[in-house]
Amino acid sequence: MSNKYLGPADRQLIAEKWAAYASVREIAGLVGVAPKTIYEELRRGSNGTLDKNSRKAYNPELAQRRFQESLRPLNRTRAANE
């Protein structure tokens, strides 16, 4: 498994496979990350609603926005220390 960050294309693939009722393990294998990463990503992109499969809906745009917002404080800390 890789230590890479997920990008917009990865998040779109997760959304497509999740909507097609793929398992977390299957999605993790396709993306090349651990299943735990997919569970965390599904939580990040959830807005509390259910999809057509009665599972938590996943929004890749929301997940990307939340990911980018989580990086902002880290970048400010780095700039202050340089």
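Residues numbered from 1 in each chain as written. Predicted model: local features only at pLDDT ≥ 70, side-chain atom pairs only at ≥ 80, totals over all residues. Heavy atoms only, no water.

Explain the environment of Gln 12 here, please?
The topology assignment puts Gln 12 in helix 1 (residues 8-19). Spatially, the C-alpha atoms of Gln 12 and Gln 64 are 9.9 Å apart, while their sequence positions differ by 52 residues. Sequence-distant contacts of Gln 12, that is, excluding residues within four places in its chain, are made with Pro 60 and Glu 61. (Helix = DSSP H or I, 4+ residues; strand = E, 2+ residues; numbered from the N terminus. Contact = heavy atoms within 4.5 Å.)

I'm lost on the packing of helix 2 (residues 24-31) against helix 3 (residues 35-44) in this one. Help?
Two quantities define a packed helix pair, namely the angle between the axes and the distance from one axis to the other. Contact geometry of helix 2 with helix 3 gives a least axis separation of 8 Å together with a crossing angle of 105°. Classified by the angle their axes make, helix 2 and helix 3 are roughly perpendicular. In contact with Val 24, Arg 25, Ile 27, Ala 28 and Val 31 of helix 2, helix 3 contributes Pro 35, Ile 38, Tyr 39 and Leu 42. Looking at side-chain class alone, the contact of helix 2 with helix 3 contains eight nonpolar, no polar and one charged residues. (Axes fitted to C-alpha atoms, helices over the stretch in contact; angles between N-to-C directions. Parallel < 35°, antiparallel > 145°, perpendicular 65-115°, else oblique. Nonpolar A, V, L, I, M, F, W, Y, C, P; charged D, E, K, R; others polar.)

Taken by themselves, the reported measurements are silent on function.
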